[in-house]
Amino acid sequence: MTLNKTARGAALGAAVVAASFATQTVAGGHGIDLTGKTVEWVIPFSETGGSAKWANFYAPLLSEALPGQPTVVVKFMPGAGSTKGANWFQEQSYDDSEGTLIFGSSGSTQFPYLLGDPRVRYEYNDWNVVLASGTGGVAYLPPAMSAKMDGMDATALQGEDFIYGSQGATRLDLVPLLAWEMLGLNVEPVFGIKGRGDGRLMFERGEANIDYQTSSSYLKGVTPLVEAGTAVPMMSWGALDADGNIVRDPTFPDMPTFKEVCDATPACETSGEKWDAWKAFFIAGFPAQKMVFLPAGASNDAIVTYTAAFEAIKARGDFAEISGARLGKYPQMTGDEAAGALNSATNVPDAAKTFVVDWLKDRYGVSLDG
Amino acid sequence: MDFFTLALPALGDAAGLILQPVVLGYLVMGVVMGLCVGVFPGLGGIAGLSLLLPFMFGMDPVLGLALMIGMVAVVPTSDTFASVLMGIPGSSASQATVLDGFPMAKKGEAARALSAAFASSLFGGLVGAAFLTLFILVARPIVLEFRTPELLMITIFGLSMVGILAGRVALKGLVAAALGMLVGVIGEGAFEGELRMIPSDWVYADSGTAAFTVYQYMGDGLKLVIVGLGIFAIPEIVALLRQDRSISDRSPLGGGWLSGVRDWFANIWLSVRCSIIGVVVGVIPGLGGSVVDWIAYGHAVQTTKDKSKFGSGEIRGVIGPESSNNAKEGGGLVPTLLFGIPGSGSMAIFIGAIALLGSGNIEVGPSMLQNNLDITYAIVWLLALANVVGTLICIAASGGIARLTTIPFGLLAPFLFMIISFAAFQSGQNLMDLVALLGIGLLGIMMRRFDWSRPAFLIGFVLSNPAENYANQAVQIAQSRFRKSMGEGMEYIFSPIVIVLLIITVISVVVGLRQAKQIMAEGEVQAGTKRAPFIFLLVVLAFLVTAFANAWTIPDYAWRDRVFPMFVAGIAVVGALVLVVQMMIREEAHPLFADREVTDAEVNSHGLWSTLAWFAGLLALTAMLGFILALGLFLFAFIKVRAGRSAGFAAAYTVAGIAFMCGMAALLNRDFPPGLLQSYVDLPWPLT
């Protein structure tokens, strides 16, 4: 057992060296040395949100993995649904920070960007991605509602009144709200809640009767309810395979995806503009939900250094163990993979964007273009 | 049954976990660090925990918990120093302590007030822990009974405390509370994202313009730190500065801290009741304990026979809130541990930090009681133990620290301006924080001058968002229930808990209004001429009318963002109009025309505007030179010119002040607000 572990560790170590060596040679850079420096990791949210947990998880690991072991501190710059911090980051130049400034964006930063929100003064294409972290989501129901479903067919739920505790239709919540609408469910969002945890509490109190959580929150907060028999999973949003198809979420292999449920429900179609719009915003919101960027104009050396550091973290022998509980079994992408994830998360087809903007206007009266 | 089969063995395990020298050592370390951060107003648990976070990764869980809990537990104890000695609410938990604690300090009884407060804190913490030990086993189903209508009722009950704190003219108190609520709704509505009191085209303004900067700052609403410091701290500092004396004009009374402990013991039952109030309100997720101290203060007033001393140094006014605010921390653990829903900002970081501990196998949330009952109990009793350690240190230090009140205020004031500017700047890390602080400070000064209840304003501000959210949500959910059937809807709205809370609220309002006239929460104020109070009333009225008109313009589809501000502004406009009529009819001697300038005319040796100009000067200099350079000039000039000390003394003071500020910022890893200069020249930290 011990021998096994050691051998595995050694193999991984070799892989890390090989990987970082490979990136370096390919890119032809020498990397930057951060000895004695302090790296500031700016998070455009408050200390209390999901992005804070994500950054606090990575920060000490990043400190160990960067050349020169700099101190890595997480700085919080909340405001205007994260657009304030992102606007600030847009104005930072690489020359001022020389690799000591990185920025962590989230789905809540991506959605306003995609929807043409007037508060957005930032441009993802100017920034340099060095890590993209994915996640998933699960929708669940009270047992009485779940029992009405005919296998994966949700048709019998179409006559019910659903209440959902929501943070706002223009946020990540638009993915579940649109999905439920496609299934023909009559879901009334109750806005004004502060976080998804409050939404779950509303479900537990019996005030809401449909809800969704991101994967890690589902594992922590809802699995005990499922075991106690007060909640039943309905579907996961799924995950993306290498060809961009929606497949079962590796964290929840026994759970049908929304695509399967949609296929089984006559009212719902897995093609057409509605489906395309849903899929585009799902991809923007979940498989590449959180990303780390270097500012505009970053040198190739800096990009290579950070990419290698995140690769070294991923290759740690204990990474699966320590990340499983906090990040779930999702890809932590670097290099070309991260660039691909960034591309699919920030380039939504115009048709999908138009559809969602119109849908938000018709359904919730939200006007984004003034 | 549960208790004997489940809890007792877990309690034993918990004791085994805690009672080790190394764990206790970490706890003491956490307490000392918490004290160092907590004595500065505005820097509470969030700043402290952020300091610890980098060390939590992979740390032994029990040691990490001891360190963090030591830090969190001591904040509501240590913030009492600022509340009592300076009249600055150290955190939302000790707002009410200011009302009687600060007058006691002015009378030379600071040590007595402090030690009574600390004894109450300690006791509250222990009662809270004892209560939780039993309650936590049955808490889950009970907490789930508190649905949105119940939460709304508790919020309304909290608002009813305005009745007691309204001051001599009840209508002024009511308008002050409404004013607080309307300041609280500024920014994006929680439902449809409609902007309130900010022109909506500012969102579309160019980056870097004043309009867009103001939008980005105000869109999320004003922060409690800014409003608390502005409404209480700035007026007190300015007032003391104008009188040019020390906080207390008498030498400290003898017997100091022992007499405070005796006071606490004489009122032990009040302390018990307020502790229970603290735990129970703290347990309910969603309110974050910001009402606890007001409810406890209200209870202390209602159960005291001779109410005349409240506001001018009644010890029961200190014991009540202080007993409740430490107990609240214990209660706040219930939603945090059992539901994974943080009861406050510091609890949210606490949850995040727990995930970093060890191998991350402690999972806060519904499974906590089944899987980690021993850890749960360890947390509860670490909290109690931290209270004991923290209180002992605080009591030991209170005699010495109380001497601060005898230092000439001219020397203390620049230091305080420095601290509250830094604290305010932590909330948005923006120069706008200082602008907002000065603006709210001016409002606070005027409210203090004309005897408009500042506590009522603050209660309104704190409860504005919960009141709006819960009201809208309850209505929406109730509509859905009523669509199903009449019975289901009625059952939802009028649950037994709602009815009980409704009765308590009505009694509290009726009793409170009858007693309000005797309670002068901010001391006696003489009436002056008609002109000045009337002008202030007109300014308030203008704001209220603007708020009403602004709410009116919110379009129909976003009616949920419109109803609350329009309702509150509507009532307030009517109230203010009645006041206008009254002011026109009444004679000048009527309490309606209270004007502190008249009361304090003899003791004031400096004008209001020249004093305030110092602070405005610091702000203007910061906008040009950045905070640290501005601070250097400000400190030196103030000590040299205003306090009349030698240049050498002023220079030494300045160096010490800046060194202290940089030390704090380096420790907490914060930057300072940059000015215009910094946009042209690159300067090294801390000048950036």
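Residues numbered from 1 in each chain as written. Chains lettered and ligands numbered in written order. Predicted model: local features only at pLDDT ≥ 70, side-chain atom pairs only at ≥ 80, totals over all residues.

1. What about the overall build of chain B?
- A tally of regular secondary structure across chain B gives 31 helices and two strands.
- Since a compact globule built from 688 residues should have a radius of gyration of about 26 Å, the 25 Å found for chain B is in line with a globular shape.
- C-alpha atoms of chain B, sized along the principal axes, occupy 70 × 65 × 60 Å.
- Within chain B, the proportion of its 688 residues that are buried is 57%. (Helix = DSSP H or I, 4+ residues; strand = E, 2+ residues; numbered from the N terminus. Rg over C-alpha atoms; globule rule 2.2 N^0.38 Å. Buried ≥ 20, exposed ≤ 12 C-beta atoms within 10 Å, placed from the backbone.)

2. What about the overall build of chain A?
- Each helix and strand counted, chain A has 15 helices and 13 strands in total.
- Over its C-alpha trace chain A gives a radius of gyration of 21 Å, about what one expects of a compact globule, namely 21 Å for 370 residues.

3. Focus: the interface of chain A and chain B
- Every contact between the two is made by 39 residues of chain A and, on the other side, 48 residues of chain B.
- Secondary structure elements with two or more residues in the side of chain A that touches chain B: α2 (50-65), α3 (83-90), β6 (161-165), β7 (186-190), α8 (196-204), α9 (215-228) and α13 (319-327) of chain A.
- No other element matches the five residues that α2 of chain A contributes to the side of chain A that touches chain B.
- The residue inventory of the side of chain A that touches chain B, partitioned by class, reads 15 nonpolar, 10 polar and 14 charged. (Contact = placed C-beta atoms within 7 Å. Nonpolar A, V, L, I, M, F, W, Y, C, P; charged D, E, K, R; others polar.)

4. Looking at the domain arrangement of chain A
Residues and elements named next belong to chain A.
- Its domain assignment divides chain A into domain 1 (2-134 + 288-350) and domain 2 (137-285).
- Its C-alpha centre places domain 1 at a distance of 29 Å from the equivalent point of domain 2.
- Every contact between the two is made by 15 residues of domain 1 and, on the other side, 13 residues of domain 2.
- Those elements that provide at least two residues to the side of domain 1 that touches domain 2 are α5 (107-115), α13 and α14 (335-346).
- Top contributing element to the side of domain 1 that touches domain 2 by residue count: α5, with six residues.
- Split into classes, the residues belonging to the side of domain 1 that touches domain 2 amount to seven nonpolar, six polar and two charged. (Domains from an automatic or database assignment.)

5. Things to note about α2 of chain A
All names here are of chain A.
- Taking 1.5 Å per residue as the helical rise, α2 with its 16 residues ought to reach 22 Å, and the 23 Å between its terminal C-alpha atoms agrees with that figure.
- Taken as a whole, α2 carries its principal kink of about 30° at A59; the proline P60 stands between one and four residues after it.
- Counted residue by residue, α2 has 14 buried out of 16 residues, so it is predominantly covered. (Expected span 1.5 Å × (residues − 1). Bend = angle between axes of the 7 residues up to and from the residue.)

6. Structural notes on the sheet that holds strand β12 (residues 290-294) of chain A
Residues and elements named next belong to chain A.
- Pairing is mixed in the open sheet, where six strands are placed in the order β2-β1-β3-β12-β4-β13. Of all strands in the sheet, those bounded by a partner on one side alone are β2 (71-76) and β13 (332-333).
- Here strand β3 (residues 101-105) pairs with β12 via three bridges, running antiparallel. Among the inter-strand pairings, F103 is bridged to a residue of β12, identified as F293.
- Where α14 meets the sheet, its contacts fall on β4 (128-133), β12 and β13, and the angle it forms with β4 comes to roughly 85°. (Pairing = 2+ DSSP bridges. Axes fitted to C-alpha atoms, helices over the stretch in contact; angles between N-to-C directions.)

7. Some points on the sheet that holds strand β5 (residues 137-141) of chain A
Residues and elements named next belong to chain A.
- On the basis of which strands lie adjacent, the open sheet formed by three strands has the order β8-β5-β9 and antiparallel pairing. The open sheet has two edge strands with one neighbour each: β8 (211-214) and β9 (232-236). For this sheet, the mean inter-axis angle between neighbouring strands, taken without regard to orientation, is 35°.
- Of the pairings in the sheet, the one linking β5 to β8 comprises four bridges and is antiparallel in character. Within the sheet, the bridge partner assigned to Y140 lies in β8 and is D211.
- In the packing of α9 onto the sheet, contacts are made with β5, β8 and β9, and the angle to β8 comes to roughly 130°.

8. Structural notes on the domain arrangement of chain B
- With domains assigned, chain B is organised as domain 1 (525-604) and domain 2 (608-680).
- For domain 1 of chain B and domain 2 of chain B, the distance between their C-alpha centres works out to 36 Å.

9. Digging into the nonpolar core
- Grouped together as the largest cluster of nonpolar side chains are 339 residues, with contacts concentrated most on L229, A378, W381 and L382 of chain B.
- Not counting chain neighbours up to four residues away, the residues in contact with W381 of chain B comprise A14, I18 and A129 of chain B. (Core = buried A, V, L, I, M, F, W, Y, C linked by C-beta atoms within 7 Å.)

10. As for the pairing of β6 of chain A
Residue and element names in this part refer to chain A.
- Relative to β7, β6 runs parallel, the two sharing five bridges. When the bridges of β7 are listed, I163 appears paired with E188.
- Regarding the hand of the β-α-β motif, the stretch spanning β6, helix α7 (residues 174-182) and β7 is right-handed. (Right-handed = clockwise from strand over helix to strand, strands pointing away.)

11. Re helix α15 (residues 292-302) of chain B
- The buried fraction of α15 of chain B amounts to 10 of the 11 residues, a majority that puts the element mostly inside the structure.
- Along α15 of chain B, the residues classified as buried are V292, D293, W294, I295, A296, Y297, G298, H299, A300 and V301 of chain B.

12. Brief notes about unusual backbone geometry
All names here are of chain A.
- You will see that A80, though not glycine, has its phi angle at about 45°, which is positive.
- Along the polypeptide, A80 turns up in the loop between β2 and α3.
- By the C-beta count within 10 Å, which is 23 here, A80 ends up buried.
- Look at S82: it is not a glycine, yet its phi comes out positive at around 80°.
- Within the element layout of this structure, S82 appears in the loop between β2 and α3.
- Under the C-beta neighbour-count criterion, S82 is labelled buried, with 26 such atoms within 10 Å.

13. Digging into the confidence of the model for chain B
- In this model, chain B carries an average pLDDT of 85, and 95% of its residues clear a pLDDT of 70 or more.
- The complex model carries a pTM of 0.88, and its ipTM stands at 0.86. (pLDDT = per-residue confidence, 0-100.)

14. Regarding the packing of α7 of chain A against helix α11 (residues 272-285) of chain A
Residue and element names in this part refer to chain A.
- α11 packs onto α7 with a crossing angle of 155° between their chain directions and a minimal axis gap of 10 Å. The angle between α7 and α11 places the two elements in the roughly antiparallel class. The handedness of the crossing between α7 and α11 is left-handed. Side by side, α7 and α11 meet where L174, V175, L178, A179 and M182 of the first sit next to K274, W278, F281, F282 and G285 of the second.
- Looking at the contact of α7 with α11 residue by residue, the classes come out as eight nonpolar, one polar and one charged. (Parallel < 35°, antiparallel > 145°, perpendicular 65-115°, else oblique. Left-handed = near helix turned anticlockwise from the far one by under 90°.)

15. Observations concerning the environment of D79 of chain B
All names here are of chain B.
- Counting through the fold element by element, D79 comes out in the loop between α4 (61-78) and α5 (80-86).
- Look at D79 and you get buried, because 28 C-beta atoms sit within 10 Å.
- For the pair formed by D79 and T622, sequence separation is 543 residues and the distance between their alpha carbons is 27 Å.

16. Considerations on the confidence of the model for chain A
- Mean pLDDT over chain A stands at 87; residues scoring 70 or higher make up 91%.
- Across chain A, the secondary-structure element scoring lowest on mean pLDDT is helix α1 (residues 2-27) of chain A, at 43, and the one scoring highest is β9 of chain A, at 97.

17. Section: the environment of G64 of chain B
Residues and elements named next belong to chain B.
- Among the secondary structure elements, G64 is positioned in helix α4.
- Residue G64 is classed as buried on the basis of its 23 C-beta neighbours within 10 Å.
- For the pair G64 and V23, spaced 41 residues apart in the sequence, the C-alpha separation amounts to 8.9 Å.
- Dropping the residues within four chain positions of it, G64 is found in contact with M56, M59 and L357.

18. Observations regarding the packing of α2 of chain A against helix α17 (residues 345-356) of chain B
- It is the contact of α2 of chain A with α17 of chain B, at a shortest axis distance of 10 Å, that shows an interaxial angle of 35°. As α2 of chain A runs across α17 of chain B, the sense of the crossing is right-handed. From α2 of chain A, A52, K53, N56 and F57 of chain A reach across to α17 of chain B, where they touch G352, A355 and L356 of chain B.
- For the contact of α2 of chain A with α17 of chain B, the residue count by class is four nonpolar, two polar and one charged.

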